[in-house]
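Read off the chains here:
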Amino acid sequence: MMIYGRTFLLVLISWMMIGCATPTPPSKEYLLMDTGLHNTQVQVTKKISVQLMPIVVANYLAGNEIVLVTKQGNVHRSQSNLWAESLSPQLTRLTQQRLEKALPNITWFGGQRLPSYAIALLNIEVDDFYADLEGMIHISGRWQVISATGELSASNTFEVQRKLKSDGYSTMVQTLSASWFDQVIGPMAKEIAQSFKN
């Protein structure tokens, strides 16, 4: 009986040693990129100040793992394909850059940099920002502009679905980036411009 116990212990230790020696594949990290920033169409508005609040993403998107979701709602988090920075700060920073370019008459404040006077607020919430297993990306959510006096100046929802041109996380990230700026932030900037016309 003791021989079987020792044999089992040796086998267990061998498995553990092999497990420790097995190299783990290196993870790849991705950032969203606004490749169309320099071609942004400028919208004319009156001079005003707006604070872009940190973009809120759904909890299942808050980690660094890139997410795939099935039609049945099963969430798959990649362990080796990761966001180099979580989505919320990435989206907030890049969205502010795009809005500063598209709406140059508006002074944009981000983070905690606030002027001493009351300013309008832009809130953006993201419910979906992923690809499914059929090769479609999904982006959805809502946004609101609250005036300096606390009134709703503009608001809308967004929902984007777009087919991936090829497989792979790199294509997925590029498609999510392009869709965010072209199909979400572009139309949003035009609606914000309408609400702040001269």
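Before reading further, recall that the structure is shown in the block above.
Residues numbered from 1 in each chain as written. Predicted model: local features only at pLDDT ≥ 70, side-chain atom pairs only at ≥ 80, totals over all residues. Heavy atoms only, no water.

Draft legend 1. Highlighting the overall build of the protein chain. Helix and strand content of the protein chain: three helices and nine strands. Contacts spanning at least 24 positions in sequence make up 68% of the contacts within the protein chain whose residues lie at least 6 apart. If you sum the accessible surface of the protein chain, you get close to 11,700 Å²; carbon and sulfur atoms cover 56% of it. (Helix = DSSP H or I, 4+ residues; strand = E, 2+ residues; numbered from the N terminus. Contact = heavy atoms within 4.5 Å. Areas by Shrake-Rupley, 256 points an atom, 1.4 Å probe, with all protein chains shown as cover.)

Draft legend 2. Inspection of the pairing of strand β5 (residues 75–83) at higher detail. Where strand β1 (residues 28–30) meets β5, three bridges bridge the pair, whose relative direction is parallel. For E29, the partnering residue across the bridge sits in β5 and is L82. As paired elements, strand β4 (residues 65–69) and β5 share four bridges and run antiparallel to each other. Bridging from a neighbouring strand, V69 pairs with V75 of β5. Hairpin connection, β4 to β5: the antiparallel pair is bridged by five residues, and G73 has positive phi, about 90 degrees. (Pairing = 2+ DSSP bridges.)

Draft legend 3. Structural context of the pattern of salt bridges. For the structure on display, the rule yields four salt bridges. Across the salt bridge formed by E85 and R93, the nearest N and O atoms sit 3.0 Å from each other. The exposure class of E85 is partly exposed, given its relative accessible area of 23%. Among the charged side chains, a network of salt bridges with common partners joins E125, D127 and R142. (Salt bridge = Lys/Arg side-chain N within 4 Å of Asp/Glu carboxyl O. Buried < 20%, exposed > 50% of the residue type's maximum accessible area, 1.4 Å probe, protein only.)

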